[in-house]
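Residue strings, one per chain:
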Amino acid sequence: MDDSPRVAIVHYWLVGMRGGEKVLEALCRMFPQADIYTHVAIPGRLSTTLLNHRIIESRVAALPFARRYYKSYLPLMPLALEEFDLSGYDLIISSEAGPAKGIIPPPGVPHLCYCHSPMRYIWDQYHTYHDDMGLLAKLILPKVAHRLRQWDVTSSARADLIVANSKHVAARVKSYWRRKARVVHPPVAVDGFRPVAPSERGGFYLWAGELAPYKRPDLAIEAFQQLDRPLVVIGGPEKCWQKLVKTSGPKTVFLGRVHDTVLKSFMARCRALVFPGEEDFGIVPVEVMASGRPVIAYGKGGALDTVIDRETGLLFHDQSVEGLMDAVIQFERSGLEQYCHEACTSQAKQFSEQRFRSEILDCLADLDPTIVQAMRFESS
């Protein structure tokens, strides 16, 4: 008879495989029998690891065009979460970056919230997101954001333990939710990245990721236009880079979304990754360091947890075109790209999935030792 604990994992939405979903995959490998609860799922965009689990959607999924315009239903998500019946489970893990932690756990059932970020579009990034929205969203968000903030704070009390993915996020949890959070950095598949010989490297810099406003691809594009240096931009959606290409220089190349093999090749061959946004954690810098290449990063947010200044990259503190230009010039004068290979790969190994799993187990042991004692892991 299988006496493994019954586990429910609650994830905000499943519409692609980004950083939050990579963490979810690691949790699914820890708990191979877990059920996944979410607002909306698009199976064709999910990995086999996730599809091997039972996925239960909230009532949001049944609303018109929900799989395309799911964020428009944000005001309805708190109620939809509270309608999930989680009776019969021994452990609940919520994966929070959108509404996920606000489920109502049964009495006595431990609830661990792994927080990628408090909802940035209602807190510190509210004005950035608001300015980039369409007309309808601009009219609606101000009317619901206040109530969502109240619910967000109130529902944080439903988690017995909050785990943040970086020191930066832990500070925001304390600021907005008034809760103390432990820090467990997300897992990065560092073994899947390989450095190349110096002779195989190119003369270009790399910007990679989702072309969201807070990631500041605009800074990189304008800075490299003025520096007249080669920049490769990888990421989507296409409508975003079509707008950005108008301000780019002749040496900036937009590749859109590419296959993982292509992305890894560019990571291993670039002079450095340019990372000008303030991220909650930022998996891409770790992947680039695992490829033996340095990172030029804005010195706030998750980059402070991953990039070692003057050893695995360079941190700059003026988040402007001029500030980034100065950082690139300093980087080239330092000669760091010639000797940082070993430091980069060594630093990247600190973020392995094995480390993540061990630290999550420590958290669960502190929360409820009987859960860990009863767990039976299956190989991935």
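Rules used in this analysis
Residues numbered from 1 in each chain as written. Predicted model: local features only at pLDDT ≥ 70, side-chain atom pairs only at ≥ 80, totals over all residues. Heavy atoms only, no water. Phe/Tyr/Trp six-rings, centres within 6.5 Å; stacked < 30°, edge-to-face > 60°. Helix = DSSP H or I, 4+ residues; strand = E, 2+ residues; numbered from the N terminus. Buried < 20%, exposed > 50% of the residue type's maximum accessible area, 1.4 Å probe, protein only. Lys NZ or Arg CZ within 6 Å of the ring centre and 35° of its normal. Polar contact = N/O pair within 3.5 Å; in protein donor to acceptor, adjacent residues only side chain to side chain. Contact = heavy atoms within 4.5 Å.

Student: How would you explain the packing of aromatic side chains if you had to name every residue and give the values?
Tutor: The tally for this structure, following the rule as stated, stands at 10 aromatic pairs. When the centroid spacing of 6.3 Å and the interplanar angle of 65 degrees are considered together, the rings of tyrosine 205 and phenylalanine 331 count as edge-to-face. Here phenylalanine 331 lies in helix α12 (residues 321–334) and tyrosine 205 lies in strand β8 (residues 205–208), a separation of 126 residues in the sequence. What makes phenylalanine 331 buried here is its relative accessible area of 0%. Aromatic ring contacts, followed pair by pair, group Tyr12, Trp13 and Tyr70 into a single cluster. Between arginine 6 and the ring centre of tyrosine 89, over which it is positioned, the NZ or CZ distance is 4.4 Å. If you follow lysine 264 out to its NZ or CZ, it ends over the ring of phenylalanine 193, 5.0 Å from the centre.

Student: Please set out the environment of valine 245 residue by residue, giving values where relevant.
Tutor: For valine 245, the location among the structural elements is in the loop between α8 (238–244) and β10 (252–256). By relative accessible area, which is 34% here, valine 245 ends up partly exposed. For valine 245 and valine 233, which are 12 residues apart along the polypeptide, the C-alpha to C-alpha distance reads 9.9 Å.

Student: Can you lay out the side chain of histidine 39 for me, pointing to particular residues and giving the numbers?
Tutor: Relative to the helices and strands, histidine 39 resides in the loop between β2 (35–38) and α2 (48–51). On the basis of relative accessibility, which here comes to 0%, the residue histidine 39 falls in the buried class. Within the structure, the side chain of histidine 39 is placed 3.2 Å from the backbone oxygen of proline 99, a separation counted as a polar contact. Discounting chain neighbours no more than four positions away, the residues touching histidine 39 are His11, Tyr12, Glu57, Ser58, Val60, Ala61, Met77, Ala80, Leu81 and Pro99.

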